[in-house]
Amino acid sequence: MTGSRILALGHYQPSRVLTNDDLAAMVDTDDAWIRSRVGIRTRHIAAPDETVDAMAAAAAAKALAAAGLSPGDIDLVLVATCTATDRSPNTAARVAARLGLASPATMDLNVVCAGFTHALATADHAIRAGAARHALVIGAEKFTDVVDWTDRSTCVLVGDGAAAAVVTASAEPRISPVLWGSVPEMGNAVRIEGAPARFSQEGQTVYRWATTKLPAIARQVCDRAGLRPEDLAGVVLHQANLRIIEPVAERLGAVNAVVARDVVDSGNTSAASVPLALSKLVERREVPAGAPVLLFAFGGNLSYAGQVVHSP
């Protein structure tokens, strides 16, 4: 085998939906203010007993069923998260236990909002090297655990959820080489710090950096895949803010692509946002099977990672 591909996807979101009007009863804000600044209408909020690993396992179970594989087939579990409460056992190990997997390697990755695309690249590398054959790659977050509900600049942004991809060996590469990196000197622009941990960010700094720097980086991702932006059938950027997603997609030049806008209904779900948006596009058949889709995420640490995948 010379590469890997996404065989199937699955996602999970909590049943409770928090609207902008609900938030207006909690903090000094309103629907018009939120929509004009970030484009979000609703977000899903996990119940107290809905843990990160429980949501991750629910999404992974759906992906595994869609792939037609048994739990014993999975030999690698990677979970991208920055909101898991416990250090050990890690979230990936708890997911493996919930799903009854046999003896997989289990690892968590914390690259905040860029976690899933980093984890997908890691799974691709492991499969290409012969260290794994079938991997579960999951983004899962309970971001509402780390938000200050009295801070209207951040509490309006976040939501909870999880999504998973089954990645398998392929005779023909269907996941392109990753382009990844970071801007260490700007790492403090997005933070989850303290005890209890709380999310904060320099919103204008992130906005300016994302809208000016990301289009050129995203074009480099396409170059690595041997494609032009206009060849893309879909564009799935980190669902941070509709006011970032739309100008970045436009400046990229992916004129024939469906652009994911799941942030409108789900808010910013950090590491879950890219796979969640991709899973919904595929479920609704908004991108054809086998079509090239750009995945590109950025955020905490001002890290970024992207690749072009072929839709399952």
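Residues numbered from 1 in each chain as written. Predicted model: local features only at pLDDT ≥ 70, side-chain atom pairs only at ≥ 80, totals over all residues. Heavy atoms only, no water.

**As for the overall build of the protein chain**
Piece 1. Broken down by element type, the protein chain carries 10 helices and 14 strands.
Piece 2. Computed over C-alpha atoms, the radius of gyration of the protein chain comes to 18 Å, within 12% of the 20 Å expected from 2.2 N^0.38 for 312 residues, which places it in the range of a compact globule.
Piece 3. Seen through its C-alpha atoms, the protein chain measures out along the principal axes to roughly 55 × 45 × 40 Å.
Piece 4. Every one of the 312 residues in the protein chain was classed for burial, and the buried ones make up 57%.
Piece 5. Pairs at least 24 apart in sequence give 75% of the contacts found in the protein chain among residues at least 6 apart.
Piece 6. Entry remark: accessible area of the protein chain is about 12200 Å², with carbon and sulfur atoms responsible for 48%.
Piece 7. Positive and negative side-chain charges of the protein chain, numbering 28 and 31 respectively, have mean locations separated by a distance of 3 Å. (Helix = DSSP H or I, 4+ residues; strand = E, 2+ residues; numbered from the N terminus. Rg over C-alpha atoms; globule rule 2.2 N^0.38 Å. Buried < 20%, exposed > 50% of the residue type's maximum accessible area, 1.4 Å probe, protein only. Contact = heavy atoms within 4.5 Å. Areas by Shrake-Rupley, 256 points an atom, 1.4 Å probe, with all protein chains shown as cover. Lys, Arg positive; Asp, Glu negative; His and termini not counted. Charge placed at Lys NZ, Arg CZ, Asp CG, Glu CD.)

**Observations concerning the sheet that holds strand β1 (residues 3–12)**
Piece 1. Spatial ordering of the open sheet is given by β1-β7-β6-β4-β5, a layout of 5 strands whose pairing is mixed. Every other strand in the sheet has two partners, leaving β1 and β5 (105–109) as the edge strands with one partner each. Between one strand and the next, the sheet's axes are offset by a mean angle of 20°, whatever the strand orientation.
Piece 2. Here strand β4 (residues 76–80) pairs with strand β6 (residues 134–142) via 5 bridges, running parallel. Bridging from a neighbouring strand, Val79 pairs with Ile138 of β6.
Piece 3. Of the strands in this sheet, β4, β5 and β6 touch helix α4 (residues 91–99), which is tilted by about 135° from β5.
Piece 4. Contacting β1, β6 and β7 (160–170), helix α10 (residues 273–283) runs over the sheet at an angle of about 90° to β1. (Pairing = 2+ DSSP bridges. Axes fitted to C-alpha atoms, helices over the stretch in contact; angles between N-to-C directions.)

**Some remarks on the packing of aromatic side chains**
Aromatic rings in a pair are described by how distant their centres are and how their planes are angled relative to each other.
Piece 1. Scanning the entire structure with this criterion turns up 4 aromatic pairs.
Piece 2. Aromatic pair Phe296 and Tyr304: ring centres 6.3 Å apart, planes at 20°, arrangement stacked. An identical accessibility class is assigned to Phe296 and Tyr304; each is buried.
Piece 3. Each member of the aromatic cluster is reached from another via a ring pair, and the members are Trp209, Phe296, Phe298 and Tyr304. (Phe/Tyr/Trp six-rings, centres within 6.5 Å; stacked < 30°, edge-to-face > 60°.)

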